[in-house]
Amino acid sequence: MSKKCKHLDQIKFTSTNKHVCEDCVKIGDTWVHLRMCMLCGNVACCDSSKNKHATKHFHATRHPIIKSFEPGEDWGWCYIDQLMLDFSDVVQQ
Ligand SMILES: [Zn+2]
Ligand SMILES: [Zn+2]
Ligand SMILES: [Zn+2]
């Protein structure tokens, strides 16, 4: 049983030069890990962070695909398909 993400053709960003969760910076808060929205390049904090801005970004914009923004991590996640994605080949090209 292998489900495939149907949103991969919507990806426009595979990296960004932002290294903070801007929504957390605005309210003076901290985060645990960063995730990047691959549709608009928005950087936001993960579900282990108390503000969960990456998930809030999905609910606000319906942008389904995020990628881990931690060094050496190439996995992503599609919120709509609830599917783990592997970007190790995408990032190296
Ligand atoms: Zn998908
Ligand atoms: Zn945040
Ligand atoms: Zn986005």
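Right above here is the structure, for reference.
Residues numbered from 1 in each chain as written. Chains lettered and ligands numbered in written order. Predicted model: local features only at pLDDT ≥ 70, side-chain atom pairs only at ≥ 80, totals over all residues. Heavy atoms only, no water.

*Asks:* So what exactly am I meant to see when it comes to the coordination of the zinc ion (ligand 3) here?
*Replies:* For a metal bound by four donors in tetrahedral geometry, the ideal donor-metal-donor angle is 109.5 degrees, whereas six donors in octahedral geometry ideally sit at 90 or 180 degrees. Within the first shell, the zinc ion (ligand 3) binds the protein through Cys37 (SG), Cys40 (SG), His57 (NE2) and His63 (ND1), at distances of 2.0 to 2.3 Å. Geometry at the zinc ion (ligand 3) is tetrahedral, judged from its four donor atoms and the angles of 106 to 111° they form at the metal. When the donors of the zinc ion (ligand 3) are listed by position in the chain, the intervening gaps give C-x2-C-x16-H-x5-H. A residue pair is termed long-range when its members are at least 10 positions apart, and Cys40 in the loop between β1 (34–37) and β2 (43–45) and His63 in the loop between α2 (53–61) and β3 (65–68) qualify at 23 residues. Under the relative-accessibility criterion, Cys40 is labelled partly exposed at 31%. (Donors = N, O, S within 2.8 Å, 3.2 Å for Na, K, Ca; no water. Tetrahedral: all angles 85-135°; square planar, octahedral: opposite > 155°, others 65-115°. Helix = DSSP H or I, 4+ residues; strand = E, 2+ residues; numbered from the N terminus. Buried < 20%, exposed > 50% of the residue type's maximum accessible area, 1.4 Å probe, protein only.)

*Asks:* Would you explain the packing of aromatic side chains in this entry?
*Replies:* Aromatic ring pairs are reported here in terms of the distance separating the ring centres and the angle at which the planes meet. Evaluation of the coordinates by the stated rule reveals one aromatic pair. With a centroid separation of 4.7 Å and an interplanar angle of 10°, the aromatic rings of Phe58 and Tyr79 are classed as stacked. Of the two residues, Phe58 sits in helix α2 while Tyr79 sits in the loop between β4 (75–78) and β5 (83–86), which places them 21 residues apart along the sequence. Tyr79 matches Phe58 in its accessibility class, with the two residues each being buried. (Phe/Tyr/Trp six-rings, centres within 6.5 Å; stacked < 30°, edge-to-face > 60°.)

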